[in-house]
Amino acid sequence: MTLTVLNVAYPLAPVGPDAVGGAEQVLSMLDQALVRAGHASIVIGCQGSEAAGVLIETPAEPGVLDDAAKKRAQRSHRVAIDVARARWPIDVVHLHGIDFNAYLPDDGATLVSLHLPLDWYPADDLRPIRDDLWLHAVSMAQQRTAPPGARLVAAIPNGVDFDALSGRQSKRNFALVLSRICPEKGIHLALDAAKQAGVPLVIGGKVYPYQTHTLYFRDEVQPRLDKRRRFLGPLGFTAKRRFLNAARCLVIPSLAAETSSLVAMEALACGTPVVAFPNGALPDVVEHGRTGFLVNDIDEMAEAIVAASGLDAEICRAEARRRFSLDQMISSYMDAYQALAGLGAGRRRLAAVQ
């Protein structure tokens, strides 16, 4: 069955192959996979987004991303969804934003990927009452945190593109952080640990113009930067691949319950071990002492940064290939699309008979 799928990004973050956030990267991989498979892919994303299929751009918010900006962006998304559904025979709407309920269609086959910790979503959002509205987690670890009464279908674990990430640069003596720059990502802790370890640190990421993010960068990150601890800003895919392949380790100092950590999977696919706090799904991604180290404080993080160069890059690559299959992720989403599309088609036939 040939499908027409409408993927809807979070309204305040551009989507595409060079996107910073994991949710935006997953959406981009699905968009590309739909096009390769001969399906019709339509993407709604804010200005600056890229798509392999048809892109419907909504206006970018130029200033501080406050509640007023968020509401304007959500209104633009609602209009764009209505326009897309009126113009094309949409089989499935796939929502990726934490605020999905602000522009959730009233009817029609709909899939919602819960890319963020489940306790960040309003409890009522996790209890859909429509049979054609499916919510799912992006890892088994995240699925296990579902609150009582949540209605989630089977998890669809994330995967990474090993072939696109492959590159055999020689390892160099620096640790790497790739992340949005915000308080819950704990970037300042990685800076302190790298300084304690005596190892250079490179940070790639984006400071979104939320007030809490810009203040965090100004007060906690910038004062810790020097010639050996550098902030490069957002990295496109090519630059990200180069740094991931060359780093001695990837450091994930996140204080949040990571739902999947796509970047950890990408690092392992590049043969780069991961040093991380054991939050959320990270203990399911990193095998302590084999593909990285799970640490509990800055002292342990500093020790692990030093020790990471002793881990085997080929073991990291092999484990990533064995466990984090992009093909499996794409296949699972396609199965969900087909099932939801069939459900929607059945309802349309019933309505026509009535």
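For the structure, check the block above.
Residues numbered from 1 in each chain as written. Predicted model: local features only at pLDDT ≥ 70, side-chain atom pairs only at ≥ 80, totals over all residues. Heavy atoms only, no water.

1. With respect to the overall build of the chain
- Along the chain, the regular secondary structure elements total twelve helices and twelve strands.
- Compactness check: the chain gives a C-alpha radius of gyration of 20 Å against a globular reference of 20 Å for 354 residues, within 12% of the reference.
- Structurally, the chain occupies a C-alpha span of about 70 × 45 × 40 Å along its principal axes.
- Per-residue burial for the chain yields a buried fraction of 54% across its 354 residues. (Helix = DSSP H or I, 4+ residues; strand = E, 2+ residues; numbered from the N terminus. Rg over C-alpha atoms; globule rule 2.2 N^0.38 Å. Buried < 20%, exposed > 50% of the residue type's maximum accessible area, 1.4 Å probe, protein only.)

2. Some remarks on the sheet that holds strand 2 (residues 40–46)
- An order of 3-2-1-4-5-6 is seen for the six strands of this open sheet, with the pairing classed as parallel. Looking at which strands have only one partner, the edges of the open sheet turn out to be strand 3 (54–58) and strand 6 (133–137). Ignoring which end each strand starts from, the neighbouring axes of this sheet average 20 degrees apart.
- Relative to strand 4 (residues 92–95), strand 1 (residues 4–8) runs parallel, the two sharing four bridges. Bridged to Leu6 within strand 4 is Val93. (Pairing = 2+ DSSP bridges. Axes fitted to C-alpha atoms, helices over the stretch in contact; angles between N-to-C directions.)

3. Section: the pairing of strand 4
- Residues Val92 and His94 of strand 4 are buried on one face, and the alternating residues Val93 and Leu95, pointing to the opposite face, are buried as well.
- Relative to strand 5 (residues 110–114), strand 4 runs parallel, the two being bridged by three bridges. Considered in strand 5, the bridge of Leu95 is made with Val112.

4. Focus on the packing of helix 5 (residues 187–197) against helix 6 (residues 211–221)
- One can describe the packing of helix 5 onto helix 6 by two numbers: an axis separation of 10 Å at closest approach and a directional angle of 20 degrees. Here helix 5 lies roughly parallel to helix 6, going by the angle between them. Seen from above, helix 5 lies across helix 6 with right-handed handedness. When helix 5 is examined against helix 6, the residues Ile187, His188 and Leu191 are found in contact with a partner set consisting of Tyr216, Glu220 and Val221. (Parallel < 35°, antiparallel > 145°, perpendicular 65-115°, else oblique. Left-handed = near helix turned anticlockwise from the far one by under 90°. Contact = heavy atoms within 4.5 Å.)

5. A look at the nonpolar core
- One finds Leu176, Leu250, Val274, Tyr333 and Tyr337 to be the most contacted residues of the largest nonpolar core, which totals 53 residues.
- Top element by residues in this core is helix 12 (residues 326–353). It accounts for nine residues.
- Once residues within four sequence positions are removed from consideration, Leu250 is found in contact with Leu176, Val177, Leu178, Leu244, Val263, Ala264, Ala267, Thr272, Pro273, Val274 and Val275.
- Ranked by size, the runner-up nonpolar core spans 28 residues in total, among them Ala197, Ile203, Val275 and Phe277. (Core = buried A, V, L, I, M, F, W, Y, C linked by side-chain atoms within 4.5 Å.)

6. Topic: the packing of helix 8 (residues 262–269) against helix 11 (residues 313–323)
- Relative to each other, helix 8 and helix 11 sit at 125 degrees, their axes nearing to 7 Å. Here helix 11 runs oblique to helix 8, going by the angle between their axes. Side by side, helix 8 and helix 11 meet where Met265, Leu268 and Ala269 of the first sit next to Cys316, Arg317 and Ala320 of the second.
- Along the lines of polarity and charge, the residues of the contact of helix 8 with helix 11 split into five nonpolar, no polar and one charged. (Nonpolar A, V, L, I, M, F, W, Y, C, P; charged D, E, K, R; others polar.)

7. Structural notes on the packing of aromatic side chains
- For the coordinates displayed, the defined rule picks out four aromatic pairs.
- Here Phe100 and Tyr121 contribute two aromatic rings whose centre-to-centre distance is 6.4 Å and whose plane-to-plane angle is 45 degrees, an arrangement assigned as tilted. Highlighted residues: Phe100 in the loop between strand 4 and strand 5 and Tyr121 in the loop between strand 5 and strand 6, separated in sequence by 21 residues.
- Since its relative accessible area comes to 5%, Tyr121 is described here as buried. (Phe/Tyr/Trp six-rings, centres within 6.5 Å; stacked < 30°, edge-to-face > 60°.)

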